[in-house]
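Commentary on secondary and tertiary structure
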Amino acid sequence: MNRYKKIHRTIFVSIIIFVGMPFKLSADSGWSYHQQADSLNNQTYSYAQSPLPKPGLYDNIMLSIVCKDHKLQSIIETDELIASQGSNFSIEYQVDQQTPITLSFKTLADSKRKGYTETDANQMATALLSGQAVFIKVNTMIKTTLSSSISLDNARGAVDRVMADCNTDKKMVSNSENNYNLNDFEKAFKQLSANQQQQILSKLKQLMQDVQ
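Along each chain, the written sequence defines residue order, and numbers are assigned to residues from 1. Residues qualify for local features only when their pLDDT is at least 70, as the model is predicted, and side-chain atom pairs are given and counted only at 80 or more; totals for whole chains, interfaces and linings, by contrast, use all residues. The side-chain quantities take in all heavy atoms of the structure and omit both hydrogens and water.

Looking now at the state of the cysteines. Only a pair of cysteine sulfur atoms within 2.5 Å qualifies as a disulfide here. Scanning the entire structure with this criterion turns up 1 disulfide. Between the sulfur atoms of Cys67 and its disulfide mate Cys166 the distance is 2.3 Å. Residues Cys67 and Cys166 share a disulfide whose torsion about the S-S bond is about 110°; that sign makes it right-handed. In this pair, Cys67 sits in strand β3 (residues 61-68) while Cys166 sits in helix α3 (residues 155-178), placing the two residues 99 residues apart along the sequence. Note on conventions: DSSP H or I runs of at least 4 residues are helices, E runs of at least 2 residues are strands, and numbering of each starts at the N terminus.

As used in this record, nonpolar core signifies buried Ala, Val, Leu, Ile, Met, Phe, Trp, Tyr and Cys residues forming a set joined through side-chain atoms within 4.5 Å. Burial classification: accessible surface area is computed with a 1.4 Å probe over protein chains only, and a residue below 20% of its type maximum counts as buried, one above 50% as exposed, and the rest as partly exposed. If you look at the biggest cluster of nonpolar residues, it comprises 35 residues, and the most contacted ones within it are Trp31, Ile136 and Val138. Within the residue set of this core, elements represented by two or more residues are β3, β4 (71-78), β5 (88-95), β6 (101-107), α2 (121-128), β8 (133-139), β9 (145-151) and α3. If you tally residues by element for this core, the top one is α3, at 6 residues.

Where strand β1 (residues 32-38) lies against strand β2 (residues 43-49), 7 bridges are found, and the strand directions are antiparallel. Bridge pairing in β2 places Ala37 opposite Thr44. If you look at the hairpin formed by β1 and β2, you'll find 4 residues sitting between the two strands, and Asn42 has a positive phi there, around 60°. When DSSP locates at least two bridges between a pair of strands, those strands are taken to pair.

Across the 7 residues of β9, 5 count as buried, placing the element largely inside the fold. Pairing geometry for β8 and β9, over 7 bridges, is antiparallel. Pairing of Lys137 across the sheet is with Ser147, part of β9. Hairpin remark: β8 followed by β9, antiparallel, with 5 residues in the connecting loop; positive phi at Lys143, about 65°.

This is the structure we're talking about:
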């Protein structure tokens, strides 16, 4: 009888430990959309995050499309060292059977395992909308290659929302710039030196002549 009690107790403890373990996204979980507050600059940013690869098949590589500070970013994060902080490295990605694309990324100032690109972020984000999976290779500083196949399930919905967030931000900035008026010009003009004012007036004169 005591033997059966010990078995039941062991099973019960095992269940409790399993339930208490932190849950990680698997490849079957699909992409997800998130919004998060940045306490340093009191701004909210959004990101679309990929699921983790199935255990044992590939290296752990997480891909995110981020809208932050009115800019779109593609971010790669791995469990392994990529390069020293603030260093350039290259990645290659291929959506389904399309032509592989090589991009230049840069590690963050405080991380050797996380890098980003702003220059090619829109290109990469758009490519993710058109396939079933993306295969990624990351070239590290020690000449090794990390690789992973990432499912694009639910990617369109999550990535579209992030891109829409950035488009909204850009429109707000654009509208702010369009509100620039004569009073704004006069205030800025008075702060210039006499030589700078003359240069501005010469350019304005030429501009008026061109318009006419």
